[in-house]
Amino acid sequence: MILGIESSCDETAAAVVTRGGEVRSSVVASQVPIHARFGGVVPELASRNHLLAAEPVVQQALADAGVALDDIEAVAVTAGPGLSGCLLVGLQVAKALAWSRGIPLVAVDHIDAHVHAPFLRDAEGAGPGELAFPYVALAVSGGHTSVYRVDGPGQTTVLGQTLDDAAGEAFDKVAKMMGLPYPGGVYIDRLAKTATAPERFDLPRPMLSRGLDFSFSGLKTAVRHALDDLDDAARADDGVMADLAAAAQEAIVDVLVAKALRACEESGIARLVVAGGVASNSRLRERLTAAAAKARIAAWVTPGRYCTDNAAMVAGLGGALLEQGQGLRGRSSSRSTSTRPRGRRDEGRQAPRAALPARSARAAGDRGHRRPRAQRGRPRDRPRRGRAHRVPRPRGRPGGGAREGRAGDRGARRAAPGRRCERRSRRRAHGGSRGAPAAACRGRLPVVVGNLPYNVGSAIYRRLLELRGKVARIVLMLQKEVAERIVATAGGRAYGIPSVTTAMTADAWIVLDVPPSAFAPRPKVSSSVILVELRDTPLVAGEELERFERFLQRAFQGRRKTLQNALDVAPEVLAAQGVDPQARAEQIAPEALLALFRSGVVEV
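K.L.:
Help me understand the overall build of the chain in this model?
P.N.:
Across its full length, the chain holds 22 helices and 14 strands. Expressed as a percentage of its 604 residues, the buried residues of the chain come to 48%. The contacts in the chain between residues at least 6 apart in sequence include a share of 71% that link residues at least 24 apart. Carbon together with sulfur atoms contributes 49% to the accessible area of the chain, which is approximately 29,100 Å² in total.

K.L.:
Looking at this structure, how should I read helix H6 (residues 184-192)?
P.N.:
For an α-helix, 3.6 residues make a turn, and residues three or four places apart therefore share a direction. Within H6 the residues assigned to the buried category are Gly184, Ile188, Asp189, Leu191 and Ala192. Looking at the packing, one finds that the buried side of H6 touches helix H5 (167-177), helix H9 (238-267) and helix H10 (282-294).

K.L.:
Can you help me understand the packing of aromatic side chains in this one?
P.N.:
By convention here, two paired aromatic rings are described through the distance between centres and the angle between planes. In the structure shown here, the tally under the stated rule is eight aromatic pairs. A centroid spacing of 6.2 Å and a plane angle of 40° characterise the contact between Phe119 and Tyr135, whose relative ring orientation is tilted. A residue pair is termed long-range when its members are at least 10 positions apart, and Phe119 in the loop between helix H4 (110-116) and strand S6 (135-140) and Tyr135 in strand S6 qualify at 16 residues. Across the pair, exposure class does not vary: Phe119 and Tyr135 are buried alike. Aromatic side chains Phe548 and Phe597 sit 5.2 Å apart centroid to centroid with 55° between the ring planes, which places their arrangement in the tilted category. Separated by 49 residues along the polypeptide, Phe548 in helix H19 (residues 543-556) and Phe597 in helix H22 (residues 590-599) bring together distant segments of the chain. Each member of the pair, Phe548 together with Phe597, is buried. Ring pairing ties together the aromatic residues Phe119, Phe133 and Tyr135, which thus form one cluster. Here Lys259 stacks its cationic end above the ring of Phe214, 5.9 Å away from the centre of that ring.

K.L.:
For this particular structure, what's the right way to read the environment of Leu120?
P.N.:
Relative to the helices and strands, Leu120 is located in the loop between H4 and S6. Once the C-alpha coordinates of Leu120 and Gly316 are considered, the two residues, 196 residues apart in sequence, prove to be 6.5 Å apart. The contacts of Leu120, once residues within four sequence positions are left out, are Val17, Gly21, Val23, Ala126, Gly127, Pro128, Tyr306, Ala312, Met313 and Gly316.

K.L.:
Explanation requested: the packing of H19 against H22 in the structure shown.
P.N.:
Pairs of packed helices are described in terms of their axes, by the angle between the two and the distance that separates them. Across the interface, H19 lies against H22 with an axial gap of 11 Å and an inter-helix angle of 110°. The angle between H19 and H22 places the two elements in the roughly perpendicular class. Where H19 crosses over H22, the handedness of that crossing is right-handed. Note on element contacts: H22 touches H19 through Leu593, Leu594, Leu596, Phe597 and Arg598, opposite Glu544, Arg547, Phe548, Phe551, Leu552 and Phe556.

K.L.:
Got a minute to help me understand unusual backbone geometry in this structure?
P.N.:
Among all residues except glycine, the phi angle is most often negative; among peptide bonds, the trans geometry is most common. Cis geometry is found at the peptide bond from Phe133 to Pro134, where omega equals -5°. Note the cis peptide between Tyr182 and Pro183, where omega equals -5°. With respect to the helices and strands, the residue Pro183 is situated in the loop between H5 and H6. The phi dihedral of Met207 falls on the positive side, at around 55°, and the residue is not glycine. When you line up the elements, Met207 lands in the loop between H6 and helix H7 (217-228). Taking the relative accessible area as the measure of exposure, Met207 reaches 15% and is therefore buried. The backbone of Arg296 shows a phi angle near 60°, a positive value even though the residue is not glycine. Judged by its relative accessible area of 77%, Arg296 falls in the exposed class.

The rules behind these values
- Residues numbered from 1 in each chain as written.
- Predicted model: local features only at pLDDT ≥ 70, side-chain atom pairs only at ≥ 80, totals over all residues.
- Heavy atoms only, no water.
- Helix = DSSP H or I, 4+ residues; strand = E, 2+ residues; numbered from the N terminus.
- Buried < 20%, exposed > 50% of the residue type's maximum accessible area, 1.4 Å probe, protein only.
- Contact = heavy atoms within 4.5 Å.
- Areas by Shrake-Rupley, 256 points an atom, 1.4 Å probe, with all protein chains shown as cover.
- Phe/Tyr/Trp six-rings, centres within 6.5 Å; stacked < 30°, edge-to-face > 60°.
- Lys NZ or Arg CZ within 6 Å of the ring centre and 35° of its normal.
- Axes fitted to C-alpha atoms, helices over the stretch in contact; angles between N-to-C directions.
- Parallel < 35°, antiparallel > 145°, perpendicular 65-115°, else oblique.
- Left-handed = near helix turned anticlockwise from the far one by under 90°.

See the structure below:
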């Protein structure tokens, strides 16, 4: 059972879903009455009300499912995008539950959860039917309007996105200009059904024939001008307002349907999923279903109860990601999940800014990272050093002797990492890893500094493979637990898919541990620097690597499963390959797993 928690905006939701996607309960506490008088969501009010509703909603979800917390095997929670304060509440609740029970925590992307919602099954008839990967997904809501190619759970590629306003926001703003209540999209849909002559308003279809991107800001302006052209009597006429609502709705639906079908045509995929809050719009569902059938495209329109924000979709995707080996372990670590909402998906994430250690900052003349005066141990009346003295020359023998200079040489010692990395690699190399050679820390190397999530896996190494031939080695700064998983050896506690993939394509070592005090702001986790040397001829490369990763996902799904159960292979078949059928994947050497994969006894 997976417990899902959703708090990205103004709905506090919890749900219990099985690993297979069967919804046992789904509870949503809406804040619409609270925000209606403001005409939109007030982030501070939303956050405070999440605090009040979180515990009762979780308890109700457990009660409706007929389970207790002891029956929950993982907690899935929305980690972004969304309102940061609202996300923080849900994340803290989920992290506390996972840590206290010692169960995995799965961080879920809100939009990925929407486009995965058609896989949910329940007693009311929801289910994926023949839906399979890959498919095209139209995610349309109040804050997002995008078209994606979906190749697997959480594996989305942006094909087109809004350049300004989302469709849901356009609905709400049009309704507000017309004097309709909040949330406006619902009232626009209802009012449009009573229209008799929507053609009296000629509204534009922005970017209808230009690529797969969207733009709805111009449509809002056109509605504003249409309202300004009406006299007071027309504005008070319900029939006129119904026609305007229908005209605006038709303009938005025309663009959404055209772009979604064009995405299917350009990608060559004849499967289309429509998800998100605006997917509840009756006109969009009607038009898109008819247009898809005419174009011979199989369309899956998410059931209305799973279109708006809910926790069932979060738990459903969380279960799928858990099957792939993703998830933070609860009580055994202090890993933290980022609450910073994501921006556009094609934007790179900014790495955390590391602060220089205090003494190095003083040596480099960086006053921005100086410690407070009371902590520096320098008398108040002592004059500051001039600029010429901020980078002192090292004393003693050239290259650093057995005895370094005093204060003046501190910066120099930090500036010569070769010897230091060599010592650290011998002292801190994890498990059976070999110490990194001193030369690996010298010279100019491409460095990627980032706070990568715990579920880092084979995907990152596919990107590293693209650099083969351009660079020989790469330095990565990761959370310490993540680094230990990557360089782990067979039989270790953290041995898993990342370490097996690494062993097949590269060599990796931990060369340096970085404490939280090295960063500003200070995180709650330690980090490690690992050195990854790409092999000229990897054991697995190209398309074979992708198939091998799918094999590993099957082998490692369910940490307590034996290879016989995980791979669904007869025991005599595994025994013939020299593999113990009752062994778990983490007990088998990477070379043995590779040989088993290449033997072809398991279909991938």
